[in-house]
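Understanding the architecture of this molecule
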Amino acid sequence: MAAKVKSSYICQTCGYASPRWMGKCPDCGAWNTLVEEIIPAKNAKRRTTLAMQTVKLLGLDELPVDQEPRISSGYKELDRVLGGGLVKGGVVLIGGPPGIGKSTLLLQVSGMLASKGLNVLYISGEESLSQIKLRAERLEMSAPTLKILSESSLEIITGVIEATQPGFVVMDSIQTVFSSDFESLPGHIGQVRYCGHTLTKLAKDKQIPMFLVGQVTKDGSLAGPRVLEHLVDCLLLFEGDDQHVYRLLRTAKNRFGSTNEVGIFEMGSKGVTEVKNPSAHLIGNQAHTASGTCIAVSLEGTRPLLVEIQALVTPSSYGTPQRNATGFDARRLAMLLAVLEKRLGLHFGTQDVFINAAGGLRLIDPGVDLAVALAIVSSLKEQVLPPKTAVFGEIGLSGEVRSVTQSAQRISEVSRLGFDSVILPVDTAKGIKRPDKLNLLSASTVQNAVDQLSNSSNFRGSRI
Ligand code: TYD
Ligand code: MG
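Tallying secondary structure elements over the protein chain gives 13 helices and 21 strands in all. In terms of principal-axis extent, the alpha carbons of the protein chain reach across some 80 × 60 × 55 Å. Counting every position in the protein chain, which comprises 464 residues, the buried fraction comes to 47%. Within the protein chain, counting contacts between residues at least 6 apart in sequence, those at least 24 apart form 66% of the total. Of the roughly 23100 Å² that the protein chain leaves accessible, carbon and sulfur atoms contribute 53%. Measuring between centres, the 49 positive side-chain charges of the protein chain sit 4 Å from its 44 negative side-chain charges.

Now the structure itself:
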């Protein structure tokens, strides 16, 4: 049956293969994305002979070790999300909504690498040379070895890269590049796939670290084919909304390092700068404390961060009470409210509940559960939590406080920021060494954590 098929239809979005053409891809649901691909006639015997002549099989112990040092991008936060720096021949796709600062960040990185003497080629298919010059002037950059090309023809771009052999290439953005082999417009799925593939292959062949900028659609996914994500070594997402000054660079995929790392940047009048001490920024003004505020010790990637959690519990004016969470999972909030109702006897049936994580962070670490619960209790009872107290622990369905990963790192971050106390899961507290001047309050249940706060010696406000 399979031998008779001479052509197959491949979905350009998800790679689904079908023996006949269909208007809608049954796998990803996209319309008009199936494109015919001819399958060459098979000759199994010839293939076997050819393979055995050209291929030498190696055992795991015989594989060559790649000891290439990482190239630092000049930005610690970027190196962190890349898993230690740039890799030769490594291709990084960086996605993010328009105006978030992708071009700014990559022009700065290009300038930084060029100032270290690297031959850098920055290609923009979106901006003219004068626009790039204006931006560079605003960033007060001067880097003579940084070469700029405003071009979108794939043939010219690959020609320039092959002729100049740069040590670092930025292509801003992959959706603007087009090949004259295709009749479709730049940004079309076939074009993006082909251009992405050609540039990636060139980067690998020439051992050039390369950054590709990818545009993001309204729903937040990368525009163009998903195959691009599979093709590249590393996928970074630049996030943060226009209202927040912080910009978060997240790893969604990394062949050379861990995922879930976060780099924190700030957008200012002179471009993108790194946030050196993010916890200090995210805990807000500790002198001004209000009810419903609690400091959580969250883990973003491998780094502990102190984040201010704000909760507002108010009587609802409509029949159905509202549950609204920014930066925290809404289903997790529903679970926490159910636990508080059942285990602490609190009532939220006629209350609206709003949760907000400071700084535009999206907290996925279960270790922030206890801080969210305490912020809700504090707002409901209109009582202020003790100052200089941080909290971490996951909450289970029976209201128990469960231990979480990397407790020692979390505690040392709390201690580093000069906090007085930390409320932590009882199991964690047993095996931990107490840093000087830090008061450890262990909690077995949420009720127990509330009681601990009420009895805490540094708790001078009204009692919960
Ligand atoms: P840009 O890098 O063009 O975004 P992207 O390439 O992701 O679309 O960033 C544009 C925004 O950044 C724009 O709103 C202006 C702002 N900006 C600053 O705030 N400071 C600066 O120094 C620069 C160069 C831009
Ligand atoms: Mg741009």
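So much for the structure itself; the text now carries on.
Below, the discussion takes up the sheet that holds strand E4 (residues 91-96). Sheets are built from strands that pair by backbone hydrogen bonding, the pairs being arranged parallel or antiparallel. The sheet built from 9 strands is open, its strands ordered E6-E5-E7-E8-E4-E9-E10-E11-E12 with mixed pairing. Two strands close off the open sheet at either side, each with one partner strand: strand E6 (146-150) and strand E12 (271-274). On average, each strand axis in the sheet is tilted by 25° relative to the strand beside it, whichever way the strands run. Sheet topology places strand E10 (residues 246-254) next to strand E11 (residues 262-268); 5 bridges connect them, and they run antiparallel. Residue arginine 250 lies in a different strand from E11, and its bridge partner there is valine 262. Its contacts with the sheet put helix H3 (residues 102-115) on E4, strand E5 (120-124), E6, strand E7 (168-172), strand E8 (210-215), strand E9 (234-239), E10, E11 and E12, and the angle it makes with E5 is roughly 160°.

Our next topic: empty space enclosed by the protein. In this approach the atoms are scanned with a rolling probe the size of a water molecule, which exposes any empty space left behind. Applying the stated criterion to the full structure yields 3 cavities of 30 Å³ or more. Of the volumes computed, that of the largest cavity is approximately 80 Å³. Lining the largest cavity are 13 residues, with Leu82, Gly85, Val87, Val92 and Phe256 positioned closest to its centre.

With that settled, consider the sheet that holds strand E13 (residues 293-300). Overall, mixed pairing links the 7 strands, which are arranged E15-E16-E14-E13-E17-E20-E21 in an open sheet. Each edge of the open sheet is held by one strand with a lone partner, namely strand E15 (323-326) and strand E21 (439-443). Averaged over all adjacent pairs, the angle separating strand axes in this sheet is 25°, with direction ignored. Where helix H10 (residues 369-380) meets the sheet, its contacts fall on E13, strand E14 (303-315), strand E16 (351-357), strand E17 (389-391) and strand E20 (421-425), and the angle it forms with E14 comes to roughly 30°.

Before going further, it helps to examine the domain arrangement of the protein chain. When its domains are assigned, the protein chain resolves into domain 1 (7-50), domain 2 (70-276) and domain 3 (280-463). Placing a centre on the C-alpha atoms of domain 1 and another on those of domain 2 gives a separation of 30 Å. In this complex, domain 1 contributes 4 residues to the contact, which on the side of domain 2 involves 6 residues. In total, domain 1 and domain 2 occlude about 450 Å² of area from one another, counting both sides; carbon and sulfur atoms represent 50% of this.

Looking now at the packing of aromatic side chains. All told, the structure shown has 3 aromatic pairs when counted by the stated rule. Taking the centre distance of 6.2 Å and the plane angle of 85° together, the rings of phenylalanine 238 and phenylalanine 265 count as edge-to-face. Note that phenylalanine 238 is positioned in strand E9 and phenylalanine 265 in strand E11, a separation of 27 residues in sequence. For the pair formed by phenylalanine 238 and phenylalanine 265, the shared burial category is buried.

Near ligand 1 you find 16 residues, and of these Gly99, Ser103, Thr104, Gly268 and Gly271 are the closest. For ligand 1, an oxygen atom lies 3.2 Å from a polar atom in the backbone of serine 269. Here an oxygen atom of ligand 1 sits 2.7 Å away from a polar atom, N or O, in the main chain of glycine 271. Among the elements of the structure, H3, helix H4 (129-138) and E11 are those that each provide at least two residues to the shell around ligand 1. Looking at the shell around ligand 1, the element that brings in the most residues is H3, giving 3 residues.

It is worth spelling out the nonpolar core at this point. Within the largest apolar cluster, 48 residues are counted, with the highest numbers of intra-cluster contacts made by Leu340, Leu374, Ile376 and Ile423. The dominant element in this core, judged by the number of residues it contributes, is H10, at 8 residues. Both domains that furnish three or more residues to this core are identified here as domain 2 (70-276) and domain 3 (280-463).

A few words now on H10. Helical periodicity: at 3.6 residues per turn, an α-helix aligns residues three or four positions apart in one direction. Between its first and last C-alpha atoms H10 spans 17 Å; for 12 residues at 1.5 Å apiece the expected length is 16 Å, and the two agree. The element H10 is largely enclosed, with a buried count of 11 among its 12 residues. Every buried residue of H10 is listed here: Asp369, Leu370, Ala371, Val372, Ala373, Leu374, Ala375, Ile376, Val377, Ser378 and Ser379.

Reading the values: rules and limits
- Residues numbered from 1 in each chain as written.
- Chains lettered and ligands numbered in written order.
- Predicted model: local features only at pLDDT ≥ 70, side-chain atom pairs only at ≥ 80, totals over all residues.
- Heavy atoms only, no water.
- Helix = DSSP H or I, 4+ residues; strand = E, 2+ residues; numbered from the N terminus.
- Buried < 20%, exposed > 50% of the residue type's maximum accessible area, 1.4 Å probe, protein only.
- Contact = heavy atoms within 4.5 Å.
- Areas by Shrake-Rupley, 256 points an atom, 1.4 Å probe, with all protein chains shown as cover.
- Lys, Arg positive; Asp, Glu negative; His and termini not counted.
- Charge placed at Lys NZ, Arg CZ, Asp CG, Glu CD.
- Pairing = 2+ DSSP bridges.
- Axes fitted to C-alpha atoms, helices over the stretch in contact; angles between N-to-C directions.
- 1 Å grid on protein atoms, 1.4 Å probe; cavity = no way out; pocket = protein on both sides within 12 Å on 5 of 7 lines; lining within 4 Å.
- Points joined across faces, edges and corners; volume = space filled by probe spheres on them.
- Domains from an automatic or database assignment.
- Buried area = accessible area lost by both parts, 1.4 Å probe.
- Phe/Tyr/Trp six-rings, centres within 6.5 Å; stacked < 30°, edge-to-face > 60°.
- Near = heavy atom within 4 Å.
- Polar contact = N/O pair within 3.5 Å; in protein donor to acceptor, adjacent residues only side chain to side chain.
- Core = buried A, V, L, I, M, F, W, Y, C linked by side-chain atoms within 4.5 Å.
- Expected span 1.5 Å × (residues − 1).

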